[in-house]
Amino acid sequence: MECDKPSILTAADRAGFAVPAFNYSDIWELLSIAEAAIEERAPVYIAANMRVAETIGLEYLGAMGRTAYDLSGGRIFNHLDHSSSVELCKRAVDCGYLSVMIDASMCPLEENIEKTSAVVAYAHRYGVAVEAEIGRILGRNAEGAYLGEDYLVCVADAVRLARETGVDSLAVGIGTAHGFYRQEPNVNLQRLREVNDAVSIPLVLHGGTGVPAETVRSCIRNGIAKVNVGTQLHAVYLEELRRQLGGGPACSVSDIMNPIKAAIRPVVKDWIHICGAENRY
Ligand code: 13P
């Protein structure tokens, strides 16, 4: 398969937009993302986390990812999200993934460097891009539960992780969290700017759901080249599912699932526009 995965984020970084990465849990979510990306002529990542990867299996996900890449003319990139396992990252590479994330941000820096280096050494042999994490992306509804600035990326650590591993992109802890926010997130743009000045590789914003569009755009102006969004899509999925199931006996699964697919698509398109990724590829 012809692909240019390590450079898509560098290209976005230089051109001043971000590539959105959408988490999906099944084929219906994946189809919503793929249809929106193709209609908007936008590069996007389709991202499965470890739980989805282990439930459905990397072989199926890898095959779907390759199909999405081919049918989209090379603008849909299959990505493994937040893998804490080096082995799972390697298996994803073997299954044809174009991009993998090794998340050892909860480990001491030396161990993070060690695990990230192991994935980079393997993935780069096959031209697969690697994302690592430094600082903490806060957990589901964790905002408010931490004290001080412990979650914030330390610039010196980011420099070491980038320099000593040769990783392609870095997810940085700057105050965003996975899941819905109880109050508007306090995104530390100053720290983002400092990291961006200190490392040359593209940076990644996690926890996109609930971050105001203007804040996302400010992040993109300051080095963010990939924006991860998941919860918002899943919430629309489940809300529409509940609505469909409440509407009387269904004739077929696709009668229920097609409206769900249609409901997710505009959310994906919105994010493509927030990231400025439309008509880019
Ligand atoms: P949200 O689910 O908060 O949008 O975050 C997604 C994400 O960062 C996946 O890595």
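I will try to describe carefully the structure that is included in this document. Quick caveat: nothing in here was measured; it's all calculated off a predicted structure.

What follows deals with unusual backbone geometry. We note that His82 has phi near 45 degrees; this positive angle belongs to a residue other than glycine. Note on placement: His82 falls in strand S3 (residues 76-83). Here His82 falls in the buried class, since its relative accessible area comes to 16%. Positioned with a positive phi, Asn279 is a non-glycine residue whose angle comes to about 55 degrees. Locating Asn279 in the fold gives a position in the segment after helix H11 (253-274).

Another point: the packing of helix H9 (residues 213-221) against H11. Viewed as axis vectors pointing N to C, H9 and H11 meet at an angle of 45 degrees, and their least axial separation amounts to 10 Å. Between H9 and H11, the angle falls in the class oblique. For the pair H9 and H11, contact is made by Ala213, Val216, Arg217 and Ile220 and by Trp271, His273 and Ile274, respectively. Taken together, the residues of the contact of H9 with H11 break down into 5 nonpolar, 1 polar and 1 charged.

A few words now on the sheet that holds strand S4 (residues 99-102). Strand order in the closed barrel made by the 8 strands is S1-S2-S3-S4-S5-S6-S7-S8, with parallel pairing throughout. The average angle at which neighbouring strand axes cross in this sheet is 25 degrees, direction not considered. Relative to strand S2 (residues 44-49), strand S1 (residues 19-23) runs parallel, the two sharing 3 bridges. The residue of S2 that forms the bridge with Ala21 is Tyr45. Helix-sheet contacts for helix H2 (residues 27-40) involve S1, S2 and S3, and the interaxial angle to S2 is about 170 degrees. Sitting on the sheet, helix H5 (residues 86-94) touches S3 and S4, and the angle it makes with S4 is about 180 degrees.

Rules behind the numbers
Residues numbered from 1 in each chain as written. Predicted model: local features only at pLDDT ≥ 70, side-chain atom pairs only at ≥ 80, totals over all residues. Heavy atoms only, no water. Helix = DSSP H or I, 4+ residues; strand = E, 2+ residues; numbered from the N terminus. Buried < 20%, exposed > 50% of the residue type's maximum accessible area, 1.4 Å probe, protein only. Axes fitted to C-alpha atoms, helices over the stretch in contact; angles between N-to-C directions. Parallel < 35°, antiparallel > 145°, perpendicular 65-115°, else oblique. Contact = heavy atoms within 4.5 Å. Nonpolar A, V, L, I, M, F, W, Y, C, P; charged D, E, K, R; others polar. Pairing = 2+ DSSP bridges.

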